[in-house]
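# Structure assessment
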Amino acid sequence: MTTTTAAKATTYHNFIDGAWVPSVSGDSFENRNPANTGDLLGVFQKSTPADVARAIDAARRAFELWRLVPAPRRAEILFRAAQLIADRKDALARDMTREMGKVLDETRGDVQEAIDMTFFMAGEGRRQYGQTVPSELRDKFAMSVRQPLGVCAVITPWNFPMAIPSWKIIPALVCGNTVVFKPATLTPLSALNFVRILAEAGVPPGVVNLVTGGGGEVGNALISSDDVRVVSFTGSTEVGRTVSERGAPSFKKVHLEMGGKNVIIVMDDANLDLAVDGCVWGGFGTSGQRCTAASRVVVHEKIYKTFLDRFVARVRALRIGDGSESATQMGPVVGDSQLNTVMTYVQIGQQEGARLLCGGHRLDQGIFAKGFFHEPTVFADVAPSMRIAQEEIFGPVVSVIPCRSYEEAVAIGNNVQYGLSASIYTQDVNRAFSAMRDLYTGIFYVNAPTIGAEVHLPFGGTNATGNGHREAGTAALDVFSEWKSIYVDFSGRLQRAQIDTADL
Ligand code: NAD
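Please read these numbers as outputs of a predicted model, since none were measured by experiment. (Residues numbered from 1 in each chain as written. Predicted model: local features only at pLDDT ≥ 70, side-chain atom pairs only at ≥ 80, totals over all residues. Heavy atoms only, no water.)

### Here's the deal with the overall build of the protein chain
This is how it is decided: Only runs of H or I of at least four residues qualify as helices and only runs of E of at least two qualify as strands under DSSP, and these elements are numbered from the N terminus. As a reference, a globule follows 2.2 Å times the number of residues to the power 0.38, and the radius of gyration itself is taken over C-alpha atoms. Each residue gets one of three labels from its accessible area relative to the maximum for its type: buried under 20%, exposed over 50%, partly exposed in between, using a 1.4 Å probe on protein chains only.
When you go through the protein chain residue by residue, the secondary structure sums to 15 helices and 25 strands. A compact globule built from 504 residues should have a C-alpha radius of gyration of about 23 Å, and the protein chain, at 24 Å, falls within 12% of that. Viewed in the frame of its principal axes, the protein chain has a C-alpha envelope of about 80 × 70 × 40 Å. A buried classification covers 56% of the 504 residues belonging to the protein chain.

### So, the nonpolar core
Operational definition: By nonpolar core is meant a set of buried Ala, Val, Leu, Ile, Met, Phe, Trp, Tyr and Cys residues that side-chain atoms within 4.5 Å join together. Domains are outlined according to an automatic or database domain assignment. In what follows, residue pairs with any heavy atoms lying within 4.5 Å of each other are defined as contacts.
By size, the foremost hydrophobic cluster in this structure holds 69 residues, and its most contacted members are I169, L173 and V208. Shared between two domains, this core takes at least three residues from each, and those domains are domain 1 (10-258 + 466-484) and domain 2 (263-446). For L173, the contacting residues outside a window of four places in its chain are W66, R74, L78, V179, V203, V207 and V208. The next biggest cluster of nonpolar side chains, apart from the first, holds 32 residues, and it includes A294, Y304, L308 and V312.

### Concerning the layout of surface pockets
Operational definition: A pocket here means an open set of points on a 1 Å grid, computed over the protein atoms alone, that has protein on both sides within 12 Å along at least five of seven lines. A cavity is instead a set of points where a 1.4 Å probe fits but cannot get out; residues with an atom within 4 Å of a point line either one. Grid points are joined across faces, edges and corners, and a volume is the space filled by probe spheres set on the points.
Here the largest pocket is characterised by a volume of approximately 1300 Å³. Contributing to the lining of the largest pocket are 50 residues, with W158, L186, S236, V239 and Q338 lying nearest its centre. When residues of the lining of the largest pocket are traced back to their parent elements, those giving at least two are β5 (28-33), α7 (215-224), β12 (228-234), α8 (237-247) and α11 (336-352). A total of six residues in the lining of the largest pocket trace back to one element, the largest contributor, which is α8. A domain split of the lining of the largest pocket shows at least three residues from each of domain 1 (10-258 + 466-484) and domain 2 (263-446).

### Things to note about the packing of aromatic side chains
Applied cut-off: Aromatic contacts are taken between Phe, Tyr and Trp rings whose centres are within 6.5 Å, Trp giving its six-membered ring; a plane angle under 30 degrees counts as stacked, one over 60 as edge-to-face, and the others as tilted.
The tally for this structure, following the rule as stated, stands at nine aromatic pairs. Ring plane angle 45° and centroid distance 4.5 Å describe the contact between F15 and W20, whose orientation is recorded as tilted. The exposure class assigned to W20 is partly exposed, which follows from its relative accessible area of 31%. Arranged with centres 6.2 Å apart and planes meeting at 40°, the rings of F79 and F119 form a pair that is tilted. Of this pair, F79 sits in helix α2 (residues 71-87) while F119 sits in helix α4 (residues 104-123); the two residues are 40 residues apart in sequence, bridging distant segments of the chain. F119 sits in the partly exposed class, given a relative accessible area of 32%.

### Some words on empty space enclosed by the protein
For clarity, the cut-off: Charged residues are taken to be Asp, Glu, Lys and Arg, nonpolar residues to be Ala, Val, Leu, Ile, Met, Phe, Trp, Tyr, Cys and Pro, and polar residues to be all remaining types, Gly included.
Overall, the coordinates contain four cavities of 30 Å³ or more when judged by the stated rule. Roughly 70 Å³ of volume is contained in the largest cavity. The wall of the largest cavity is formed by 13 residues, among which G288, A293, S295, E392 and F394 lie closest to the centre. Per-class residue counts for the lining of the largest cavity are five nonpolar, five polar and three charged.

### Examining the site of the ligand
Formally: Near, as used in this document, describes a residue that has one of its heavy atoms within 4 Å of the molecule or strand being considered. Polar contacts here mean pairs of N or O atoms no more than 3.5 Å apart (in protein, one a potential hydrogen donor and the other a potential acceptor; neighbouring residues in sequence count only if both atoms are side-chain atoms). Here, Shrake-Rupley sampling with a 1.4 Å probe gives the accessible areas, and only protein chains in the shown set may cover a residue. Cavities and pockets are treated as containing a molecule whenever more than half of the molecule's atoms lie within 2 Å of their grid points.
Around the ligand, the structure places 27 residues, and the nearest of them are T156, K182, S236, M258 and E392. W158 is positioned such that a nitrogen or oxygen atom in its side chain is 3.0 Å from an oxygen atom of the ligand. Here the ligand has 850 Å² of accessible area as a free molecule, and 87% of this is covered by the chains. Most atoms of the ligand, that is more than half of them, are within 2 Å of grid points of the largest pocket. Sorting the residues of the shell around the ligand by element identifies α7 and β12 as the ones contributing at least two each. The residue makeup of the shell around the ligand, split by class, is 14 nonpolar, ten polar and three charged.

### Details of the sheet that holds strand β25 (residues 482-489)
To be explicit about the condition: In this description, strands pair whenever DSSP reports at least two bridges between them. The angle between two axes is taken between their N-to-C directions and runs from 0 to 180 degrees, where each axis is a line fitted to C-alpha atoms and a helix contributes only its stretch in contact.
With antiparallel pairing, three strands are arranged side by side in an open sheet as β7-β8-β25. Only two strands of the sheet have a single neighbouring strand rather than two, namely β7 (131-134) and β25. Averaged over all pairs of adjacent strands, the angle between their axes in this sheet comes to 20°, without regard to strand direction. Pairing between strand β8 (residues 140-147) and β25: eight bridges, direction antiparallel. Bridge pairing links A142 to Y487 in β25.

### Comments concerning the sheet that holds strand β20 (residues 397-403)
Spatially, β16-β19-β20-β15-β14-β22-β23 is the arrangement adopted by the seven strands of the open sheet, whose pairing is mixed. At either end of the open sheet lies a strand with only one pairing partner, and these are β16 (355-358) and β23 (443-446). Neighbour-to-neighbour, the strand axes of the sheet open up by a mean angle of 20°, direction not taken into account. Bridge count for strand β15 (residues 294-300) against β20 is five bridges, and the pairing is parallel. Bridge pairing in β20 places V298 opposite I401. Each of β22 (421-425) and β23 is contacted by helix α14 (residues 429-438), which is oriented at about 170° to β23, the strand it contacts most.

### Concerning the pattern of salt bridges
The condition is simple: Salt-bridge detection follows one rule: a side-chain nitrogen of Lys or Arg within 4 Å of a carboxyl oxygen of Asp or Glu.
Counted under the stated rule, the structure contains 28 salt bridges. A salt bridge links R127 to E124, with the nearest nitrogen and oxygen atoms 3.0 Å apart. A relative accessible area of 4% places E124 in the buried class. Here the salt bridges do not stand alone but share partners, grouping D17, D57, R60, R61 and D227 into one network.

### As for the packing of α4 against helix α5 (residues 163-174)
What counts is decided by this rule: Orientation labels follow simple angle bins: below 35 degrees gives roughly parallel, above 145 gives roughly antiparallel, 65 to 115 gives roughly perpendicular, and whatever is left gives oblique. Crossing handedness is defined as follows: a turn of the near helix away from the far one that is anticlockwise and smaller than a right angle gives a left-handed crossing, while the clockwise case is right-handed.
Orientation of α4 relative to α5, taken along the N-to-C sense of each, is 15°, at an axis distance of 8 Å. On the basis of the axis angle, α4 is roughly parallel to α5. The two elements α4 and α5 meet at a crossing, and its hand is right-handed. Residues D110, E113, A114, M117, T118, M121 and A122 of α4 form the contact with α5, whose own contacting residues are A163, S166, W167, I170, P171 and V174. Partitioning the contact of α4 with α5 into residue classes produces nine nonpolar, two polar and two charged.

### What about the domain arrangement of the protein chain?
Quick note on the threshold: Values labelled buried area give the accessible surface lost by two parts on being combined, using a 1.4 Å probe and summing over both.
Looking at the assigned domains, one finds that the protein chain contains domain 1 (10-258 + 466-484) and domain 2 (263-446). Each of domain 1 and domain 2 was reduced to a C-alpha centroid, and the two centroids are 31 Å apart. On the domain 2 side, the residues contacting the 20 residues of domain 1 number 24 residues. With both sides pooled, the region where domain 1 packs onto domain 2 buries about 1800 Å², and carbon together with sulfur makes up 61% of that total. Broken down residue by residue, the surface that domain 1 buries against domain 2 is led by A35, E106 and W158, which jointly contribute 27%. At the junction of domain 1 with domain 2, the criterion picks out one salt bridge.

Shown next, in the form of structure tokens:
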């Protein structure tokens, strides 16, 4: 890393084979604070396919050593990394808030998730359980073990800049793989902070490599390489489809975590204060930029008006501002492109005939002048077929949809292309259990909003949200390892499975 005094901006480098190196292109890009674009965090490498090739080569070579390090020893390094992240939690969170805007409480939560995941997965260094089973033949031993696959490409979004990389990199490492990590261009500093800690904890050269730059150049080069055996991608469904197609010719394992259009169902017997609390937090936490954000709220007609009154009063009272200030409850959106998307969908909602109850405007005066701020926005009387109820907006916009029955609520809930998270507020245990069964999502909550996953359970979604894999929990090990079944015949003679069936 070097500091350019003229520009007063730190230049950050790629991390390849244990060294901080500039891109071969010599090009770079800026990283600015979305709450105040006058605040330049640093300059990062705009990498090229040539940088990617170097990183893959380093990772390929390092794999031959790392795969032979006993998993409990790999884990010792990861335990050290978890402790280092914990020691620096506050500073890491402050960098993250400056980098992508969410409030400090939430960036501390993001870092905490990385700590939790790293401790949890390091524990797998002494487990990674396989099976031992009786053989159908005499004097024969049968077992299955997990084995690493090789070089893993990790491609991540900007909304959880440390948590999501940890969900991928740490299980990859504990299983014995090596990694080339391409973070989102909007959050390279948090990525670099994470990789720096891994190196400091003792991860050997080449085992984790960081290459910053655009999806088209860096991402495509990673996915297209025959030397990459796993691609773990989190991002939009649109890009995920491209990743899937490009990974297919070389039969890579492609793990996709993509968009969402999550729903909270509020039944007529719900504890209404609790439901309103959940909808405000689920809809507007991280300015609505969570994959699990509750962007749809389906409310029973019997309580519809009361719910709307209380919900809108709470949303209007949200304090918007710079996320690094303790009074702020909602920060900016991450950048101009995201802000334009939000404004476009607000227009679409109005054209579609939804009733705008609050918000609906960009904030650009006074303290907001240099940032990407948008009012928290609520639409009511939204029809389930409207675009604002079907498409992922990824911003502070919540669509409230009335319903007449539980059955109708479930049908509305399921009738989107995504399937990440859903929730129900009800006091009726029968209804709660029915909903757990009937909503076709990867994650479900009862009397809590659609956000709040914990690292030791599987995380992921159905339909256009995912392709059947899960991260987090021990399910993540299935992405980053392959099963090998091993038979040891100690009979000293030829024994034929399925054929020598007469012998007892
Ligand atoms: P994005 O799809 O634009 O980018 C994600 C990553 O892919 C970035 O690193 C980007 O540079 C890279 N990329 C872009 N084009 C690429 C290409 N052609 N080849 C390879 N890589 C490419 O998403 P984003 O805007 O960073 O994040 C927001 C999206 O992520 C939302 O849709 C959100 O729902 C989703 N998300 C999903 C989850 C989940 O677990 N399901 C979690 C967080 C975010």
